[in-house]
Amino acid sequence: MLGEKLPPHDLAAETAVIGSIILDGDSLVKISGFLSPSDFFNKAHSVCYQSCIDMLDKGIAIDEKTLGDFLETSDSLNEIEGGRSYLTYLVSQTPTYMHIEFYARTVHRTATHRRLITAASDIANLGYENSQDVDQALNQAEDILYGIRSTHDSRDFVDISVPLDSWLTFDDENDSDIAPIPSGFPDLDNLLGGLNRSDMIVLAARPSIGKSTLGLNIARNVAGGGHKVAIFSLEMGRDQIAMRLLSSEALIETNRIRQRFTTDTEDGRILEAIGRLSDLDISIDDTPFQTVTEMRAKAKRLQKERGLDFIVVDYMQLIYGGRNMSDNNRAQEVSKISRALKGMARDLNVPVIAISQLSRSIEQRQSHRPVLSDLRESGSIEQDADIVAFIHREEKYITEEEWLRSRSAGEAYPRGISELIIAKHRNGPIGNIDLVVQDQYARFRSIKKQSAN
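What comes next concerns the included structure. (Residues numbered from 1 in each chain as written. Predicted model: local features only at pLDDT ≥ 70, side-chain atom pairs only at ≥ 80, totals over all residues. Heavy atoms only, no water.)

### A word on unusual backbone geometry
The bulk of non-glycine residues show a negative phi, and the bulk of peptide bonds are trans.
Line of reasoning, step 1. Note the cis peptide between aspartate 314 and tyrosine 315, where omega equals -5°.
Line of reasoning, step 2. Within the secondary structure, tyrosine 315 is located in the loop between strand S4 (310-314) and helix H14 (330-348).
Line of reasoning, step 3. You will see that leucine 251, though not glycine, has its phi angle at about 60°, which is positive.
Line of reasoning, step 4. Along the polypeptide, leucine 251 turns up in the loop between helix H10 (238-250) and helix H11 (254-259).
Line of reasoning, step 5. The backbone phi angle of asparagine 349 is positive, close to 60°, even though this residue is not glycine.
Line of reasoning, step 6. Within the secondary structure, asparagine 349 sits in the loop between H14 and strand S5 (352-357). (Helix = DSSP H or I, 4+ residues; strand = E, 2+ residues; numbered from the N terminus.)

### Focus: the packing of aromatic side chains
Line of reasoning, step 1. This model, assessed by the stated rule, comprises four aromatic pairs.
Line of reasoning, step 2. Taking 5.1 Å as the distance between ring centres and 45° as the angle between the ring planes, the aromatic pair formed by phenylalanine 40 and tyrosine 49 counts as tilted.
Line of reasoning, step 3. An angle of 75° between the planes, with centres 6.0 Å apart, marks the rings of tryptophan 403 and tyrosine 413 as edge-to-face. Of the two residues, tryptophan 403 sits in helix H16 (residues 400-406) while tyrosine 413 sits in the loop between H16 and strand S7 (417-425), which places them 10 residues apart along the sequence.
Line of reasoning, step 4. Exposure remark for tryptophan 403: the relative accessible area of 5% places this residue in the buried category.
Line of reasoning, step 5. In this structure tyrosine 413 comes out as buried when scored by relative accessible area, which is 16%.
Line of reasoning, step 6. The ring of tyrosine 315 has lysine 211 sitting right over it, with the charged end atom 6.0 Å from the ring centre. (Phe/Tyr/Trp six-rings, centres within 6.5 Å; stacked < 30°, edge-to-face > 60°. Buried < 20%, exposed > 50% of the residue type's maximum accessible area, 1.4 Å probe, protein only. Lys NZ or Arg CZ within 6 Å of the ring centre and 35° of its normal.)

### Focus: helix H12 (residues 264-278)
Line of reasoning, step 1. With 15 residues, H12 extends 21 Å from end C-alpha to end C-alpha; this agrees with the ideal 21 Å at 1.5 Å per step.
Line of reasoning, step 2. Looking only at H12, the buried set comprises Glu266, Ile270, Ala273 and Leu277. Around the axis of H12, the buried residues are gathered within 65° of arc, so they sit on the same side. In H12, those exposed residues whose orientation departs by more than 90 degrees from the buried face are Asp264, Thr265, Leu271, Glu272 and Ser278.
Line of reasoning, step 3. Against the buried residues of H12 lie helix H9 (211-224), H10 and H11. (Expected span 1.5 Å × (residues − 1). Arc of directions from axis to C-beta. Contact = heavy atoms within 4.5 Å.)

### What to know about the pairing of strand S3 (residues 282-285)
Line of reasoning, step 1. Here S3 shows one buried face, formed by Ser283 and Asp285, and one open face, formed by Ile282 and Ile284.
Line of reasoning, step 2. Pairing geometry for strand S2 (residues 229-233) and S3, over four bridges, is parallel. Pairing of alanine 230 across the sheet is with serine 283, part of S3. (Pairing = 2+ DSSP bridges.)

### Considerations on a nonpolar patch on the surface
Line of reasoning, step 1. A cluster of nonpolar side chains, namely Leu6, Leu11 and Phe41, defines an oily patch on the protein surface of about 280 Å² accessible area.
Line of reasoning, step 2. By the secondary structure assignment, leucine 11 is in helix H1 (residues 11-23). (Patch = residues over 30% accessible without salt bridge, like charges linked within 9 Å, V, L, I, M, F, W, Y side chains within 5 Å. Areas by Shrake-Rupley, 256 points an atom, 1.4 Å probe, with all protein chains shown as cover. Salt bridge = Lys/Arg side-chain N within 4 Å of Asp/Glu carboxyl O.)

### Topic: helix H13 (residues 292-305)
Line of reasoning, step 1. Here H13 spans 20 Å end to end across 14 residues, near enough to the 20 Å set by a 1.5 Å rise per residue.
Line of reasoning, step 2. Taken as a whole, H13 has its buried residues at Val292, Thr293, Glu294, Met295, Arg296, Lys298, Ala299 and Leu302.
Line of reasoning, step 3. Following H13 by one or two positions, glycine 307 adopts a phi angle in the positive range, close to 95°.

### Some remarks on the side chain of histidine 392
Line of reasoning, step 1. Summarising the element assignment, histidine 392 is placed in strand S6 (residues 387-392).
Line of reasoning, step 2. The class of histidine 392 is buried, set by a relative accessible area of 4%.
Line of reasoning, step 3. A polar contact is formed between the side chain of histidine 392 and the side chain of glutamate 394, at a distance of 2.7 Å.
Line of reasoning, step 4. With sequence-adjacent residues up to four places away left out, histidine 392 is seen in contact with His368, Arg369, Pro370, Tyr397, Ser418, Glu419 and Ile421. (Polar contact = N/O pair within 3.5 Å; in protein donor to acceptor, adjacent residues only side chain to side chain.)

### Examining the environment of leucine 188
Line of reasoning, step 1. Among the secondary structure elements, leucine 188 is positioned in helix H8 (residues 186-192).
Line of reasoning, step 2. Leucine 188 sits in the buried class, given a relative accessible area of 6%.
Line of reasoning, step 3. Leucine 188 sits 232 residues away from leucine 420 along the chain, and the two C-alpha atoms are 8.7 Å apart.

### Details of the sheet that holds S3
Line of reasoning, step 1. Overall, mixed pairing links the nine strands, which are arranged S3-S2-S4-S5-S1-S6-S7-S8-S9 in an open sheet. Two strands close off the open sheet at either side, each with one partner strand: S3 and strand S9 (443-446). The mean angle between the axes of side-by-side strands here comes to 25°, regardless of whether they run parallel or antiparallel.
Line of reasoning, step 2. Relative to S6, strand S1 (residues 200-205) runs parallel, the two being bridged by four bridges. Paired with alanine 204 across the two strands is phenylalanine 390, which belongs to S6.
Line of reasoning, step 3. Along the sheet, H13 contacts S2, S3 and S4; its crossing angle with S2, the most-contacted strand, is approximately 160°. (Axes fitted to C-alpha atoms, helices over the stretch in contact; angles between N-to-C directions.)

### Some points on the nonpolar core
Soluble, globular proteins show a tendency: their nonpolar side chains are buried together.
Line of reasoning, step 1. Of all hydrophobic cores here, the largest spans 43 residues; its most connected members are Leu214, Phe310 and Leu420.
Line of reasoning, step 2. Looking at this core, the element that brings in the most residues is H9, giving six residues.
Line of reasoning, step 3. Phenylalanine 310 has contacts with Leu195, Ile218, Ala219, Val222, Lys228, Val229, Ala230, Val350, Pro351 and Ile353, leaving out every residue within four places of it along the chain.
Line of reasoning, step 4. Phe232, Leu308, Ile311 and Phe390 belong to the second-largest nonpolar core, a separate cluster that totals 33 residues. (Core = buried A, V, L, I, M, F, W, Y, C linked by side-chain atoms within 4.5 Å.)

Nothing here speaks to function; it is all geometry.
The following block contains the structure:
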């Protein structure tokens, strides 16, 4: 019967791990980065391994005698049946300490399988609870699985030649899965070098400045380049997103399309725009209440089934932080969300644009230009992001009359002009880019393209 089976484990591998450390204390550093005491099935082995870690931290040499002394001093020797003689047994059962990493990987693998079994039981219990809140139950189940993934996904040092060799063998045509993705805005691509995979790009602004619009514009441009795009919209529904994309594509005001106040000629343009947009690989998820874990699971499934190159999340402050987060500590919740979004970008190896709100402090000071400290609710957003970009529109804060009174006559009022401020760029320069804003069409355009439209 299934219930009579022991959980997955390999006592011989566990024995060899501890025996290898006793034979060569320095070998512990080869495995301590990914193997934890909780990975051991046998309690005595777990106690021995934890003691070895403690000894390493304290600078105590590790061998059979010193480990026995440390266990005795810390009152842990009585947890090991056989005491010091068991340490001798461990050494006698170890073929060679040279293969310690292989033994440790085996122990870690079986521990992961045990955690999967425990997770399956925990998820089954969620089902038996028959909660009225199905979404919360699903989120809890995904958090359980993500916890296993987080503990399993550990990396170790690699020689510098590995990433350098990948650069030498890079081919734009054959390595499209690692090449930067054009945003469709030439000045932005020149500054950033395109949208690099595994980057988290924070696009932030105050309400009604156009952050969602710019995010959608970039998504459309990326899809137009033959890439596969996913949009997680926690604010707008799929119909609203579709209308914005259609307005930008057909160059017809959004409200007129929605109310169907269009001419026969415009209807023709709308049909052509629908045809072009329908050919693009854009997937929209407009679930209003979800965690990053849930988004990551959906994106992972989409990537496996259809492929995925680029993600837009609109917007960060609407993401649910999880059941363990306190309502009184929103900064901690946003910090967790920020780290998880960066983890999603790295795990899926795609650029993630995370749209974010800015604090009201901008409106309360004389200069309305955003700075990094304006990122709302958490400084960890700035820390986790590879790129932080702000949208600034002077016309939103000053009228044309006020502008003319305070500026020289030769300086034109910035009507319809937006400044994209790259305030942080982890791997390159920062700078400012001017874009033309066409609010009626829900779109941004490069200055150079404006004359053609």
